[in-house]
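Results of the structural survey
Given next are the chains, with one letter for each unit.
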Amino acid sequence: MYFGKPRKKGPTDRVPPNQNVTTSFPVLHYGNVPYYKNLDEWTLKIYGLVEKEVTLLYKELMSLPQTTSGNDIHCVTGWSKLDNVWEGVPTQQLAKMAQPMECAKYVILHAEENWTTNLPVADFLKETSLLAHTHNGEQLSPEHGYPLRAVIPHLYFWKSAKWIRGIEFTSENQPGFWEENGYHMYGDPWKEQRMTWD
Ligand SMILES: Nc1nc2c(c(=O)[nH]1)N[C@H]1C(S)=C(S)[C@@H](COP(=O)(O)O)O[C@H]1N2
Ligand SMILES: [Mo]
């Protein structure tokens, strides 16, 4: 029950607690930015608890049905960037091809340099989740995840793996890179699920 003043409705309702809006686009990651000479050797692998393991070349990925999804980015370190428009392949499209098994409850997103992050299948396969190649009408820059990054619009942005190369379906919730280092297993910005103990 909330006994304080009624909450004001307005743009501030889009900003979760203890976040500050920025109009810049900060670059944040652990490790090195990969620079690709070309994408001939690039593949995206979908594996683990799936009926059909799938390996996609970049051009195959681009020939799949595409979608557009908007989000407000909330980084766990405290910055938020509103009104982002992402274009790419819906995660549901990939699931259609690989057919995750009934027992697959979680996914591990694998990025370059063995960076990983974990989330429930339901969140990964939400209608708004996608693998994006374009941000606000422009191809992703190397720093922001070129050629392909996950975008999980409703969770803290560390779940949105840049430079994604693999999607592994699992039965157990295994912590990824930041999760091993104390970040929350789920990461809902509205509940401020920043660290494991939040
Ligand atoms: N591969 C990889 N993806 C990553 C990270 C990382 O360290 N490695 N950091 C995450 C974090 S903490 C954030 S806030 C966003 C930042 O994305 P940006 O650099 O495009 O703003 O990427 C996420 N994806
Ligand atoms: Mo972040």
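A closer look at the overall build of the protein chain
Helix and strand counts for the protein chain come out as four helices and 11 strands. Its C-alpha atoms give the protein chain a radius of gyration of 17 Å, near enough to 16 Å, the size a compact globule of 198 residues would have. Every one of the 198 residues in the protein chain was classed for burial, and the buried ones make up 47%. Counting only contacts in the protein chain whose residues sit at least 6 apart along the sequence, the fraction spanning at least 24 positions is 67%. When the accessible surface of the protein chain is split by element, carbon and sulfur atoms take 51% of a total near 10,600 Å². Seen as two clouds, the 19 positive and the 23 negative side-chain charges of the protein chain have centres 7 Å apart.

What to know about the nonpolar core
If you look at the biggest cluster of nonpolar residues, it comprises 42 residues, and the most contacted ones within it are Leu 44, Leu 94, Leu 109, Phe 124, Ile 167 and Phe 169. Here Ile 167 is in contact with Leu 44, Lys 45, Ile 46, Tyr 47, Leu 94, Val 107, Ile 108, Leu 109, Phe 124 and Leu 131, once residues within four sequence places are set aside.

Topic: the packing of aromatic side chains
Under the criterion given, the structure shown has 10 aromatic pairs. With 6.2 Å between their ring centres and 65° between their planes, Tyr 36 and Tyr 146 make a pair best called edge-to-face. Residue Tyr 36 is located in the loop between β1 (20-21) and β2 (43-48), and its partner Tyr 146 is located in the loop between β9 (138-139) and β10 (149-151); the two are separated by 110 residues in the primary sequence. With a relative accessible area of 19%, Tyr 146 lands in the buried category. Joined through ring pairs, the aromatic side chains of Tyr 30, Tyr 156, Trp 158, Phe 177, Trp 178 and Tyr 183 make up one cluster. Taking NZ or CZ as reference, Lys 45 lies 5.3 Å from the ring centre of Tyr 47, over its face.

Focus: helix α2 (residues 91-98)
Within the sequence span of α2, burial applies to Thr 91, Gln 93, Leu 94, Ala 95 and Ala 98. At its buried positions, α2 is contacted by β2, β3 (54-57), β5 (79-90), α3 (121-124), β8 (130-135) and β11 (164-170). Phi turns positive, to about 55°, at Gln 99, one or two residues after α2.

About the criteria used
- Residues numbered from 1 in each chain as written.
- Chains lettered and ligands numbered in written order.
- Predicted model: local features only at pLDDT ≥ 70, side-chain atom pairs only at ≥ 80, totals over all residues.
- Heavy atoms only, no water.
- Helix = DSSP H or I, 4+ residues; strand = E, 2+ residues; numbered from the N terminus.
- Rg over C-alpha atoms; globule rule 2.2 N^0.38 Å.
- Buried < 20%, exposed > 50% of the residue type's maximum accessible area, 1.4 Å probe, protein only.
- Contact = heavy atoms within 4.5 Å.
- Areas by Shrake-Rupley, 256 points an atom, 1.4 Å probe, with all protein chains shown as cover.
- Lys, Arg positive; Asp, Glu negative; His and termini not counted.
- Charge placed at Lys NZ, Arg CZ, Asp CG, Glu CD.
- Core = buried A, V, L, I, M, F, W, Y, C linked by side-chain atoms within 4.5 Å.
- Phe/Tyr/Trp six-rings, centres within 6.5 Å; stacked < 30°, edge-to-face > 60°.
- Lys NZ or Arg CZ within 6 Å of the ring centre and 35° of its normal.

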